[in-house]
Amino acid sequence: PLSPLQLHLGCPDFTAMVDVSNKPQIVEHVNKGLTQTIYDSKWIPSSARFVLMGSPPRQTGIISVYQLTAGDIELQAEVEKKSPFKCCSFGASSLAERHLASGDFTGKMALWDLERLQTPIYEVKGHETIINAVDGCGGIKGAGAPEVVTGGRDGCVKVWDPRQKDVPVASMEPEAGAPVRDCWAVAFGDAHSVESRVVAAGYDNGDVKVLDLVAGKMRWEANVSNGICGIEFDRKDIEANKLVLTTLESRFRLYDMRTQHPIHGYSFLSQEAHQSTVWCVRHLPQNRDVFMTCGGNGSLELWKYSYPAQRKIKDRDGHDKGVLGTVEQLQKKTFSTQPVASFDWNAEKEGLAVMGILDQTVRVLVCTKLHLV
């Protein structure tokens, strides 16, 4: 018998489409050409709808809401604004409200009610110029207050509480007179209780900084020697476990965040991927040890992390030091010659994903057999 979602997808049986082994397969379900460049794509929580944020050639901004129908996608709502949108997140909103946080090219962060897209319900001029990245916490996932973090070209990382107008609740800004580094990626993590929450930020010069929002001080900083395009904790609502950074020069790093050495910091492994810039990383909601990386060459690579027999050892000075496991590539597939700019897993249906590619297409994918890895 067919499940309701299989009927909804217009796809008789995922496993019958491509199947010769127990390896996961990446299957393209919908490929739709658009008239705008898509910078970000996100599933609307608990639905078969997704949001696209982008810009047409006339350099305005468009928010589009699409519904997954049998074998296709259907535009349900769209609004055009003066400046292009760069990024979005549902992380700070409850399931009842499902408000979308956006960052645009003029430095404005806004919250949108998808049923009434004409005017934002909250708007603040947070940065002097483009907001490159946004993340949310305290909504469906993460204990504590609802907060949105933005990272901009002005080198600032700011945390906003939508209940408080105009002033950020926390910020990391370049020191006066210091060179301004472009912040390319931000992510919340460690939000397992109201007494714990951090923000991780990655910069164009390879700096990575983790700010403890409760203590109000830097927990850790390092340099990975290549610009950081994407950053994500494997789960934002548990004790910090793993952090993946994707960078220029075809690499990503995976840090074990459970053990911080007083001198060497967190242990990590470095992995070559995509033979081009690795634009972003997204962990599978149903299994935090499986993640997808997106390449500047239009490819996707699916990875699995395996833990070591023991996660920490004592060094000669008696300090705990983290021990890394291994990453294994489960599958890879190339879809375009242009970069995969955004990717998002569906939290309800394992393996269902949406991605935006800079060739002005949006694709809906199905990754099969993820329950077997």
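Further up the page is the structure itself.
Please read all numbers here as calculations on a predicted model, not as lab measurements. (Residues numbered from 1 in each chain as written. Predicted model: local features only at pLDDT ≥ 70, side-chain atom pairs only at ≥ 80, totals over all residues. Heavy atoms only, no water.)

Asker: How do you make sense of the overall build of the protein when you look at a structure like this?
Answerer: The secondary structure content of the protein amounts to 2 helices and 30 strands. For the protein, whose C-alpha radius of gyration is 20 Å, the value lies close to the compact-globule estimate of 21 Å for 373 residues. Projected onto its principal axes, the C-alpha positions of the protein cover 60 × 50 × 35 Å. Of all 373 residues assigned to the protein, the portion counted as buried reaches 56%. (Helix = DSSP H or I, 4+ residues; strand = E, 2+ residues; numbered from the N terminus. Rg over C-alpha atoms; globule rule 2.2 N^0.38 Å. Buried < 20%, exposed > 50% of the residue type's maximum accessible area, 1.4 Å probe, protein only.)

Asker: Looking at this model, I keep getting lost on unusual backbone geometry. Mind explaining?
Answerer: Peptide bonds are, in most cases, trans, and in most cases residues other than glycine have a negative phi. Even without glycine at this site, Gln59 takes up a positive phi of about 65°. Of note, Gln59 is situated in the loop between β3 (49–55) and β4 (61–69). At Asp166, a position not held by glycine, the phi torsion is positive, near 70°. With respect to the helices and strands, Asp166 occurs in the loop between β12 (157–160) and β13 (170–172).

Asker: Just to check I follow, could you spell out the sheet that holds strand β30 (residues 361–367) for this structure?
Answerer: Adjacent strands of a sheet pair through backbone hydrogen bonds, lying either parallel or antiparallel. With antiparallel pairing, 4 strands are arranged side by side in an open sheet as β1-β30-β29-β28. Two strands bound the open sheet, and with one partner strand each, they are β1 (26–33) and β28 (340–345). For this sheet the average axis-to-axis angle between neighbouring strands, irrespective of direction, equals 20°. Looking at chain direction, β28 and strand β29 (residues 352–357) are connected through 5 bridges and run antiparallel. In the strand pairing of β29, Ser342 is matched with Gly356. (Pairing = 2+ DSSP bridges. Axes fitted to C-alpha atoms, helices over the stretch in contact; angles between N-to-C directions.)

Asker: Could you clarify how one ought to interpret the nonpolar core in this entry?
Answerer: Taken as a class, soluble globular proteins show a tendency for nonpolar side chains to be buried jointly. Ranked by internal contacts, the top residues of the largest apolar core, which has 19 residues, are Met292, Leu300, Phe343, Trp345 and Met355. Among the secondary structure elements, those contributing two or more residues to this core are β22 (278–284), β23 (287–295), β24 (299–306), β28, β29 and β30. Among all residues touching Met355, those that are not within four sequence positions of it are Ser41, Leu300, Phe335, Val340, Ser342, Phe343, Thr361, Val362, Arg363 and Leu365. One finds Ala185, Val208, Ile228 and Leu245 within the second-largest nonpolar core, a separate group that totals 17 residues. (Core = buried A, V, L, I, M, F, W, Y, C linked by side-chain atoms within 4.5 Å. Contact = heavy atoms within 4.5 Å.)

Asker: I would appreciate a short explanation of the packing of aromatic side chains in the present structure.
Answerer: Aromatic ring pairs are reported here in terms of the distance separating the ring centres and the angle at which the planes meet. Under the counting rule described, the total for this entry stands at 11 aromatic pairs. Ring geometry for Tyr39 versus Phe105: centroids 5.6 Å apart, planes at 45°, classification tilted. Separated by 66 residues along the polypeptide, Tyr39 in strand β2 (residues 37–43) and Phe105 in the loop between β7 (100–104) and β8 (108–112) bring together distant segments of the chain. Residue classification places Tyr39 among the partly exposed residues on the basis of a relative accessible area of 24%. By relative accessible area, which is 27% here, Phe105 ends up partly exposed. Cluster of aromatic residues (ring-pair linked, three or more members): Trp220, Tyr255, Tyr266 and Phe268. Above the plane of the ring of Tyr203 lies Lys209, whose end atom (NZ or CZ) is 5.3 Å from the centre. A cation over an aromatic ring shows up here: Arg253 above the ring of Phe268, its NZ or CZ 3.9 Å from the ring centre. (Phe/Tyr/Trp six-rings, centres within 6.5 Å; stacked < 30°, edge-to-face > 60°. Lys NZ or Arg CZ within 6 Å of the ring centre and 35° of its normal.)

Asker: Looking at this structure, I do not really get the sheet that holds strand β9 (residues 122–125). What am I missing?
Answerer: Spatially, β6-β7-β8-β9 is the arrangement adopted by the 4 strands of the open sheet, whose pairing is antiparallel. Edge strands, defined here as strands with exactly one partner in the open sheet, are β6 (85–89) and β9. Each neighbouring strand pair of the sheet contributes to a mean axis angle of 20°, computed without reference to strand direction.

Asker: It is not clear to me how the pattern of salt bridges should be interpreted in this structure. Could you clarify?
Answerer: Between side chains of opposite charge, a pair can form as their charged atoms come close. Taken as a whole and judged by the stated rule, the model has 19 salt bridges. Among the ionic pairs, Lys236 bridges to Asp135, the shortest N-O distance being 3.1 Å. In this pair, Lys236 sits in the loop between β18 (228–233) and β19 (242–247) while Asp135 sits in strand β10 (residues 131–137), placing the two residues 101 residues apart along the sequence. The residue Asp320 makes a salt bridge to Lys314 at a minimum N-O spacing of 3.1 Å. On the accessibility criterion, Asp320 (26% relative accessible area) is partly exposed. With relative accessibility at 58%, the residue Lys314 sits in the exposed group. Salt bridges sharing partners connect three or more residues here, namely Asp234, Lys242, Arg288 and Asp289. (Salt bridge = Lys/Arg side-chain N within 4 Å of Asp/Glu carboxyl O.)

Asker: Quick question: what am I supposed to make of the side chain of Glu301 here?
Answerer: Its location among the elements puts Glu301 in strand β24. The residues touching Glu301, leaving out its near neighbours within four places in the chain, are Ala273, His274, Phe291, Met292, Thr293, Gln329, Gln331 and Lys332.

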